[in-house]
Amino acid sequence: MITHSTEIKLFAGNSNRNLAEAISKELRIPLSDCEVGHFSDGETSVHLGESVRGRDVFIIQSTCTPVNENLMELLIMIDAARRASAGRITAVMPYFGYARQDRKAKARDPITAKLVADIITSAGADRILTMDLHANQIQGFFDIPVDHLVGGPILYKYFQKFVDDDFVVVSPDVGSVSRARNVAAKLNCPMAIVDKRRPKANQVEVMNIIGDVSGKTCLMVDDMIDTAGTICQGAEALYKNGAKKIFACCTHAVLSGPAIQRIQDSHIDKLVVLDTIPLPEEKKIPKIEVLSVAKVFAQAINIVYKDAKMSDIYEKQDK
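Residues numbered from 1 in each chain as written. Predicted model: local features only at pLDDT ≥ 70, side-chain atom pairs only at ≥ 80, totals over all residues. Heavy atoms only, no water.

Student: When you look at the nonpolar core in this model, what are you seeing that I'm missing?
Tutor: Burial of nonpolar side chains together is a common tendency in soluble globular proteins. Within the largest apolar cluster, 44 residues are counted, with the highest numbers of intra-cluster contacts made by I23, L149, V169 and L219. Ranked by residues supplied to this core, first place goes to helix α8 (residues 294-306) with nine residues. In this structure I23 touches I60, A294, F297, A298 and I301, once residues within four positions along its chain are discounted. Residues I59, F96, I138 and I144 belong to the second largest nonpolar core, which totals 34 residues. (Core = buried A, V, L, I, M, F, W, Y, C linked by side-chain atoms within 4.5 Å. Buried < 20%, exposed > 50% of the residue type's maximum accessible area, 1.4 Å probe, protein only. Helix = DSSP H or I, 4+ residues; strand = E, 2+ residues; numbered from the N terminus. Contact = heavy atoms within 4.5 Å.)

Student: Quick question: what am I supposed to make of the sheet that holds strand β7 (residues 146-149) here?
Tutor: Note on sheets: strands pair through backbone hydrogen bonds, and any given pair is parallel or antiparallel. Sheet architecture is open: five strands sit in the order β1-β4-β5-β6-β7, paired in parallel fashion. The open sheet has two free edges, formed respectively by β1 (8-12) and β7, since each of these has just one partner strand. Across the sheet, the mean angle from the axis of one strand to that of its neighbour is 20 degrees, orientation sign disregarded. The sheet contacts of α8 involve β1, β4 (56-60), β5 (88-93), β6 (127-131) and β7, and relative to β6 the element is tilted by about 160 degrees. (Pairing = 2+ DSSP bridges. Axes fitted to C-alpha atoms, helices over the stretch in contact; angles between N-to-C directions.)

Student: When you look at the layout of surface pockets in this model, what are you seeing that I'm missing?
Tutor: Its boundaries defined by the atoms lining it, the second largest pocket holds a volume of some 210 Å³. Contributing to the lining of the second largest pocket are 13 residues, with N16, N18, P278, L279 and K284 lying nearest its centre. Per-element accounting of the lining of the second largest pocket gives the leading share, three residues, to helix α1 (residues 17-27). Across the lining of the second largest pocket, the residue classes break down as six nonpolar, three polar and four charged. (1 Å grid on protein atoms, 1.4 Å probe; cavity = no way out; pocket = protein on both sides within 12 Å on 5 of 7 lines; lining within 4 Å. Points joined across faces, edges and corners; volume = space filled by probe spheres on them. Nonpolar A, V, L, I, M, F, W, Y, C, P; charged D, E, K, R; others polar.)

Student: Help me understand unusual backbone geometry in this model?
Tutor: Trans peptide bonds make up the majority, and among non-glycine residues the majority have a negative phi. Residue T65 is joined to P66 through a cis peptide bond whose omega torsion reads -5 degrees. If you trace the backbone, P66 turns up in the loop between β4 and α2 (67-83). If you check the backbone angles, R108 has positive phi at about 70 degrees while not being a glycine. In this structure R108 comes out as exposed when scored by relative accessible area, which is 75%.

Student: Quick question: what am I supposed to make of the environment of I8 here?
Tutor: Position of I8 relative to the elements: it lies in strand β1. Relative accessible area serves as the criterion here: at 10%, I8 is assigned to the buried category. C-alpha separation for the pair I8 and S32, spaced 24 residues apart in sequence, amounts to 9.5 Å. Setting aside anything within four residues of it in sequence, one finds I8 in contact with I29, D56, F58 and Y305.

Student: Looking at this structure, I do not really get the packing of aromatic side chains. What am I missing?
Tutor: The geometry of an aromatic ring pair is captured by two quantities: the separation of the ring centres and the angle between the planes. A full pass over the atoms with the stated rule returns six aromatic pairs. Seen from their ring centres, Y158 and F162 are 6.1 Å apart, and the 45 degrees between their planes marks the pair as tilted. What makes F162 partly exposed here is its relative accessible area of 26%. The interplanar angle of 45 degrees and the centroid separation of 4.7 Å between the aromatic rings of F162 and F247 together place this pair among those described as tilted. Of this pair, F162 sits in the loop between α4 (152-159) and β8 (167-171) while F247 sits in strand β12 (residues 245-253); the two residues are 85 residues apart in sequence, bridging distant segments of the chain. Looking at F247, the relative accessible area reads 3%, which means it is buried. (Phe/Tyr/Trp six-rings, centres within 6.5 Å; stacked < 30°, edge-to-face > 60°.)

Just geometry here; none of it tells us what the structure is for.
Here's what the structure looks like:
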């Protein structure tokens, strides 16, 4: 039986220290002492600087770039807490790396998202707290409870001030239709879809726009932006179809490879992202605005700690 005490212990790896500190500030609980570094040969070194015996331990770590290094940090921190007799260990993963490898796209492909889920569970995590998984079924890859937060409310509340009779929510591809539909419902506005065909990986060919975007202010909604090919070609298609202003938003700003240059050169007027992944200084451009998920994660941690209803957090987000 899992037991936990009346004391929360917050630990943070190196992947997203600023977010961890913001969550700590929201909870009014200091980050616990933890040294996460490397031995001379590159092996990850972890030392928890204070007792966690019987405590409710939350380890905040996004598995973003460098993905494997951050994943190893998380696994070793979980193992250290387990071996130090923590009462309960929750892996707080604002961004879950390897989430896109959630199925066999062709013969002999691995399902790496399931593998990573198994490794985290084997390391000793009792619970997962994450946001906007690339595919909802990934929750079932874990044999432990998963609390799946959504970043949509933070984003659509930001764009409420832009909504008028000419505002349209746009799905950048068919896979994001459900997400775009939810945002459109919250903003009480119509939606459109960018119908595209992908000849091969990381190359996108836009075919046409389903819906009326001529003379409209468009908001493209996605869960993550990696190389920005989909979102930028979608913006190009909207522009060619007469959109007067183009916004874009996503939860996870992976922004790898040519992403920043593509966004800078695109017809996107503003891209709003959440801080589940830290945005390095070299990627900060005037077109990109970052909103924080610290308050939502702090509320969720508090709910997990109190064994309260996670549905309460969604009711608060919708207000």
